[in-house]
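Listed here are the chains, written in short residue letters.
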Amino acid sequence: MIRSFRNSIHPLLQHPSAWKWLLAAAVLFRFAFLFASGLWKTEEYWEYGEIARLLSEGRGYSFPFVDEQLHFLKDAWYPSALMPPGYVFFLYPFLLIQNVVIRNLLLFSVQIGLSALAMLFSYRFVKQKAGVETGAVTLLFLAFTPDLVYASCSVGPTVWFHFLLSLFLWAPSGIKRPNFLFIQFLSAGLLVLMRSEALLFFVVYAAWQWWKGYRFQAAFLLMGIALILSPWLFRNYREFEKPVLSASAGVNFYRGNNPGEIGDWPYAWSDTVLKMRENPATYEAKFDALAMSQSLDWIWQNPVSWLTRMPEKLVRFWILDWPDPRTHSPLYWIPWFATFLLGLVGLRKREARNQFLPHLILLAVYTLVILIFFPQLRYLTLVKFFWMPFAAVAIMGWMKNGEMKSE
């Protein structure tokens, strides 16, 4: 019976139009979720929306102060580099549309389109590396994993991350040289402007290219990224006297390394911090430096507690972030547990590790990032997209051989 099932599935995966039907189903499913969830009526645009609002009011790239209930203040702000500008600039023109429904329909339609392109590039990459069936199974996972569906219908740069990185990985096999070099550094630079920690991935990726002998490509990639980042870095140097990518490293470091719980924010209502607020021009940099100093002091005084948090961070990142109530739904944890276990099986195959080595670099880099800082559900959603080829390899191993042998 099982063999009969496997035999019946194979022709479907091999059908030349299978990827088109899966991609169309993914798009329709996302629009259905958008309307069923009510997200098309949202007026919550998080930090990105607040920065865009102040930009539209002529306040520059700034962020509002908050009160003790964490409500944004409308008439008090400070120059900011809290968030890199990529998603803010993407969101800005949509916020100029006064009708909320029209604004959101346009915004989320574009994001669903970006999600579809990300899935298409990922499918083509996996197909080229591991075959059409593995590509189709990967696309199936990407199409219907709940938090990947949610990401395209919510405010944030997650779908941009999936789109730009999928384009970056696919470009060498899908675009003729030298165009692929231009596409790669453009997509990489834009991605860092969306998520600043992505720079670490590209540095490691370039180091791997250099080691493999592709030194021109590695140097071209890093120089291209530097070129794209230069206006933002120059702005921050002029504003804060430091060419920072973002001004939240200290705060994020504190959230993973503090005397309270993982994820706690630094206290912002002490006399010292309130004194900082009197000079908005220097507030953000000083508060971030204070958070970093407090965190390093805690680590120095509590090295054992700091080290014992590492396993908890790993479990909360890769398996279940239990303090987040969104992970309690079976719609979240059942699909993730299944694809996580399948991915572990797929990782046992040496050929898969070689075929998807850039994916492994990404997964390793983000594991390091959460160990240094702190785990959060959205970080896993960023990289989960690139876990799915390994899960697909496991499925195909079972379908072809009935088992997956390690190598």
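The structure this text deals with has already been given above.
A brief structural summary. (Residues numbered from 1 in each chain as written. Predicted model: local features only at pLDDT ≥ 70, side-chain atom pairs only at ≥ 80, totals over all residues. Heavy atoms only, no water.)

### Describing the overall build of the protein chain
Inclusion rule: Strands here are runs of E lasting at least two residues and helices are runs of H or I lasting at least four, both read from the DSSP assignment and numbered beginning at the N terminus. Atoms considered for the radius of gyration are the C-alpha atoms alone. The globule rule reads 2.2 Å times the number of residues to the power 0.38. Relative accessibility under 20% of the residue-type maximum defines a buried residue, over 50% an exposed one, and the middle range a partly exposed one, all with a 1.4 Å probe and only protein chains included. Note on contacts: a residue pair is in contact if any heavy atoms of the two residues lie within 4.5 Å.
What the protein chain contains, in helices and strands, is 20 helices and two strands. Whereas a compact globule of 407 residues would reach a radius of gyration of roughly 22 Å, the protein chain reaches 22 Å, a difference of no more than 12%. Counting across all 407 residues of the protein chain, residues that qualify as buried make up 50%. For the protein chain, long-range pairs separated by at least 24 residues make up 72% of all intrachain contacts whose partners lie at least 6 apart in sequence.

### Thoughts on a nonpolar patch on the surface
Put simply, the test is: Every patch collects residues that have over 30% relative accessible area and no salt bridge, joining them within 9 Å if they carry like charges and within 5 Å if they are nonpolar side chains (Val, Leu, Ile, Met, Phe, Trp, Tyr). Accessible surface area values rest on a Shrake-Rupley calculation with a 1.4 Å probe, where residue burial reflects the displayed protein chains alone. Any carboxyl oxygen of Asp or Glu that lies within 4 Å of a side-chain nitrogen of Lys or Arg is treated as forming a salt bridge with it.
Where nonpolar side chains cluster on the molecular surface, the patch consists of Leu 200, Val 204, Leu 368 and Ile 372 and spans about 290 Å² of accessible area. If you list the elements that add at least two residues to the nonpolar patch, you get helix H10 (198-211) and helix H18 (357-372). Positionally, Val 204 belongs in helix H10.

### Topic: the side chain of Thr 327
Our working definition: Two N or O atoms count as a polar contact when they lie within 3.5 Å, although within protein this holds only if one can serve as hydrogen donor and the other as acceptor, and sequence-adjacent residues are included solely when both atoms are side-chain atoms.
For Thr 327, the position within the fold is in the loop between helix H15 (303-318) and helix H16 (330-347). Within the structure, the side chain of Thr 327 is placed 2.8 Å from the backbone oxygen of Asp 324, a separation counted as a polar contact. Once residues within four sequence positions are removed from consideration, Thr 327 is found in contact with Leu 320, Asp 321, Trp 322, Tyr 332, Trp 333 and Leu 377.

### Focus on H10
The condition is simple: Here a helix's expected span is defined as the number of its residues, less one, multiplied by 1.5 Å. Think of the arc as the fan of directions from the helix axis to the C-beta atoms.
Look at H10: 20 Å from first C-alpha to last across 14 residues, which is about the 20 Å you get at 1.5 Å a residue. Three or more residues of H10 are buried, namely Ala 198, Phe 201, Phe 202, Tyr 205, Ala 206 and Gln 209. Down the axis, H10 shows its buried residues gathered within 130° of arc, on one side only. Tucked into the core, H10 has its buried residues touching helix H8 (158-174), helix H9 (179-194), helix H11 (215-240) and H18. Two residues or fewer after H10 comes Gly 213, characterised by a positive phi angle close to 100°.

### Some remarks on the packing of aromatic side chains
For the record, the criterion: Working definition: a ring pair exists when centres of Phe, Tyr or Trp rings (six-membered ring for Trp) sit within 6.5 Å. Plane angles under 30 degrees give stacked, over 60 give edge-to-face, the rest tilted.
Enumeration according to the criterion identifies 43 aromatic pairs in this entry. When the ring of Phe 63 is compared with that of Tyr 78, the centres are 6.2 Å apart and the planes differ by 65°; the resulting orientation is edge-to-face. Separated by 15 residues along the polypeptide, Phe 63 in strand E1 (residues 62-66) and Tyr 78 in strand E2 (residues 72-79) bring together distant segments of the chain. No difference in accessibility class separates Phe 63 from Tyr 78, as the two residues are buried.

### Quick notes on unusual backbone geometry
Even without a glycine there, the phi angle at Trp 46 is positive, about 55°. In the Ramachandran plot, Glu 241 falls in the positive-phi region, its phi being about 65° despite a non-glycine side chain. Mapped onto the elements of the fold, Glu 241 is located in the loop between H11 and helix H12 (249-256).

### Section: the pairing of E2
Consecutive side chains along a regular strand alternate between the two faces of the sheet. What counts, and what does not: Think of it this way: DSSP has to see at least two bridges between two strands before they count as a pair.
Direction of pairing for E1 relative to E2: antiparallel, over a ladder of four bridges. Across the sheet, the residue bridging to Phe 63 is Tyr 78, located in E2.

### Points about the packing of helix H6 (residues 132-144) against helix H20 (residues 388-401)
Under the convention used in this document: Geometry is summarised by axes, namely lines fitted to C-alpha atoms with helices restricted to the contacting stretch, and by angles between N-to-C directions that run from 0 to 180 degrees. Here roughly perpendicular refers to angles of 65 to 115 degrees, roughly parallel to angles under 35, roughly antiparallel to angles over 145, and oblique to all remaining angles. Here is the rule for handedness: rotate from the far helix to the near one, and if that takes an anticlockwise turn smaller than a right angle the crossing is left-handed, while a clockwise turn gives right-handed. Each residue gets one of three labels, nonpolar for Ala, Val, Leu, Ile, Met, Phe, Trp, Tyr, Cys and Pro, charged for Asp, Glu, Lys and Arg, and polar for the others, Gly among them.
Relative to each other, H6 and H20 sit at 125°, their axes nearing to 8 Å. Considering the angle they form, H6 stands oblique to H20. In terms of crossing hand, the pair formed by H6 and H20 is right-handed. Listed contacts from H20 to Glu 133, Thr 134, Val 137, Thr 138, Phe 141 and Leu 142 of H6 are Met 388, Pro 389, Ala 391, Ala 392, Val 393, Ile 395, Met 396 and Lys 400. Here the contact of H6 with H20 is built from residues that sort into ten nonpolar, two polar and two charged.

### So, helix H4 (residues 86-95)
Of all ten residues in H4, seven are buried; the element is thus mostly enclosed. Against helix H3 (46-56), helix H5 (100-130), H8 and H9 lie the buried residues of H4.

### What to know about the packing of helix H2 (residues 18-37) against H5
At their nearest, the axes of H2 and H5 sit 10 Å apart, and the two run at 150° to each other. As judged from the angle between their axes, H2 and H5 are roughly antiparallel. Relative to H5, H2 is oriented so that their crossing is right-handed. Where H2 abuts H5, its residues Trp 19, Leu 23, Ala 26, Val 27, Arg 30, Phe 31, Leu 34 and Phe 35 lie against Leu 105, Phe 108, Ser 109, Ile 112, Ser 115, Ala 116, Met 119, Leu 120 and Tyr 123. A breakdown of the residues in the contact of H2 with H5 according to their chemical character gives 14 nonpolar, two polar and one charged.

### What about the nonpolar core?
Proteins that are soluble and globular tend to have nonpolar side chains buried together. Quick reminder of the rule: Here, the term nonpolar core denotes a set of buried Ala, Val, Leu, Ile, Met, Phe, Trp, Tyr and Cys residues that are joined through side-chain atoms within 4.5 Å.
Core analysis: the biggest nonpolar cluster contains 113 residues, and Leu 165 and Phe 202 have the highest contact counts within it. In terms of residues, this core owes the most to one element, H5, which gives 13 residues.

### Points about the pairing of E1
A large share of E1 lies buried, amounting to four of its five residues. Linking E1 back to E2 in an antiparallel pair, the connection comprises five residues, with Leu 70 at a positive phi of about 65°.

### Side note on the side chain of Glu 284
Definition in use: His is not counted here, nor are the chain ends, while Lys and Arg score as positive and Asp and Glu score as negative.
Inspection of the secondary structure puts Glu 284 in helix H14 (residues 280-301). Buried and without a salt bridge, Glu 284 has Arg 235 as its closest oppositely charged side chain, separated by 6.3 Å. With residues near it in sequence (within four places) discarded, Glu 284 still touches Tyr 78, Pro 79, Ser 80, Ala 81, Leu 82, Phe 240 and Ala 247.

### Let's talk about the pattern of salt bridges
If you walk through the whole model with that rule in mind, you get nine salt bridges. Between Glu 57 and Arg 59 there is a salt bridge, with the nearest N and O atoms lying 3.8 Å from each other. Residue Lys 275 is joined to Glu 278 by a salt bridge in which the shortest nitrogen-to-oxygen separation is 3.5 Å. When sorted by exposure, Lys 275 lands in the same class as Glu 278, which is exposed. Through salt bridges that share partners, Glu 50, Arg 53, Glu 57 and Arg 59 make up one connected network.

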